[in-house]
Amino acid sequence: MPVESIPVRDVSLHYRLLQQYLVLLKKYPILTKSVTSGILSALGNLLSQTLEARKKAKNGAPVNEVDVAGAARYAIYGFLITGPVSHYFYQLMEVWMPTTDPLCIVKRLLLDRLFFAPGFLLLFYFVMNILEAKGWQDFEKKMRGSYWTALKMNWKVWTPFQFINVNFVPVQFRVLFANMVALFWYAYLASVRK
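Everything quoted here is computed from the prediction, not taken from an experiment. (Residues numbered from 1 in each chain as written. Predicted model: local features only at pLDDT ≥ 70, side-chain atom pairs only at ≥ 80, totals over all residues. Heavy atoms only, no water.)

## Here's the deal with the UniProt feature "transmembrane region" (unreviewed entry) in the protein
UniProt records the feature "transmembrane region" (unreviewed entry) for residues 110-131 and 171-189 in the present numbering. Taken end to end, residues 110-131 has its terminal C-alpha atoms 30 Å apart, with 100% of it in helix and 0% in strand. (UniProt positions renumbered as here; feature names shortened; annotations may be inferred. Helix = DSSP H or I, 4+ residues; strand = E, 2+ residues; numbered from the N terminus.)

## Points about the environment of F115
Looking at the element boundaries, F115 is found in helix 4 (residues 104-131). Spatially, the C-alpha atom of F115 lies 27 Å from that of A71, the residues being 44 residues apart in sequence.

## Brief notes about the packing of aromatic side chains
Evaluation of the coordinates by the stated rule reveals 13 aromatic pairs. Aromatic pair Y125 and Y147: ring centres 5.9 Å apart, planes at 75°, arrangement edge-to-face. Here Y125 is found in helix 4, whereas its partner Y147 is found in helix 5 (residues 136-168), with 22 residues between them in sequence. Residue Y147 is classed as buried on the basis of its relative accessible area of 14%. Ring geometry for W158 against W185: centres 6.4 Å apart, planes inclined by 85°, an arrangement best described as edge-to-face. Of the two residues, W158 sits in helix 5 while W185 sits in helix 6 (residues 174-192), which places them 27 residues apart along the sequence. (Phe/Tyr/Trp six-rings, centres within 6.5 Å; stacked < 30°, edge-to-face > 60°. Buried < 20%, exposed > 50% of the residue type's maximum accessible area, 1.4 Å probe, protein only.)

## Some points on the pattern of salt bridges
Under the criterion given, the structure shown has nine salt bridges. A salt bridge links D112 to R113, with the nearest nitrogen and oxygen atoms 2.8 Å apart. Each member of the pair, D112 as well as R113, carries the same accessibility label: buried. Salt bridges here are not isolated pairs; linked through shared partners, they connect E94, R108 and R174. (Salt bridge = Lys/Arg side-chain N within 4 Å of Asp/Glu carboxyl O.)

## Comments concerning the nonpolar core
Counting residues in each nonpolar core, the largest one holds 28 residues, and the members touching the most others are Y77, F124, Y125 and Y186. Within the residue set of this core, elements represented by two or more residues are helix 3 (68-96), helix 4, helix 5 and helix 6. The greatest single-element share of this core, amounting to eight residues, is contributed by helix 4. (Core = buried A, V, L, I, M, F, W, Y, C linked by side-chain atoms within 4.5 Å.)

## Here we look at the side chain of N165
Among the structural elements, N165 can be located in helix 5. Residue classification places N165 among the buried positions, given a relative accessible area of 0%. One polar contact links N165 to Y90, side chain to side chain, over a distance of 3.2 Å. (Polar contact = N/O pair within 3.5 Å; in protein donor to acceptor, adjacent residues only side chain to side chain.)

## So, helix 2 (residues 29-58)
Between its terminal C-alpha atoms helix 2 stretches 43 Å, which fits the 44 Å expected from 30 residues at 1.5 Å a residue. Looking one or two places after helix 2, you find G60, whose phi comes out positive at around 80°. (Expected span 1.5 Å × (residues − 1).)

What follows is the structure, given as structure tokens:
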């Protein structure tokens, strides 16, 4: 019995988008991860703004217009920082802690949670401060006011996801997996940094 291939035009849009993403991921891995990170970071910020607007409207407070500049800052951060830094971190993790190491599951999680997470969060605060054109005193104030709270929340929220990500998700999909979680994480960060 001969097997027929399905013409591309008959395939669902979701499937075609996934195929295109996989082609781009293979051909341009860093650029693809950067663009994806930028888009999902901006969406996370917009989600935060939407939730905040609903909360204000429910309480009868005036609702602000969408902060396009805020979403743009998150897009820039995702594109320039999250995508490339995460790509190289996960690639290096594979080299430093190969699956042949019997303790790699624990070591990878500890590396991510105890070193990468605090440093990446610090980088987030620093870069956002620059993108907001604020000075060193504003940076120190935000660090003192919310960094430790955000880091503890990061450890609570991200640890189970990162356990799965660094140990069971294929390396080429780790940035995408983390970006999907980050969509909601950036919504949280946008609210605590205010």
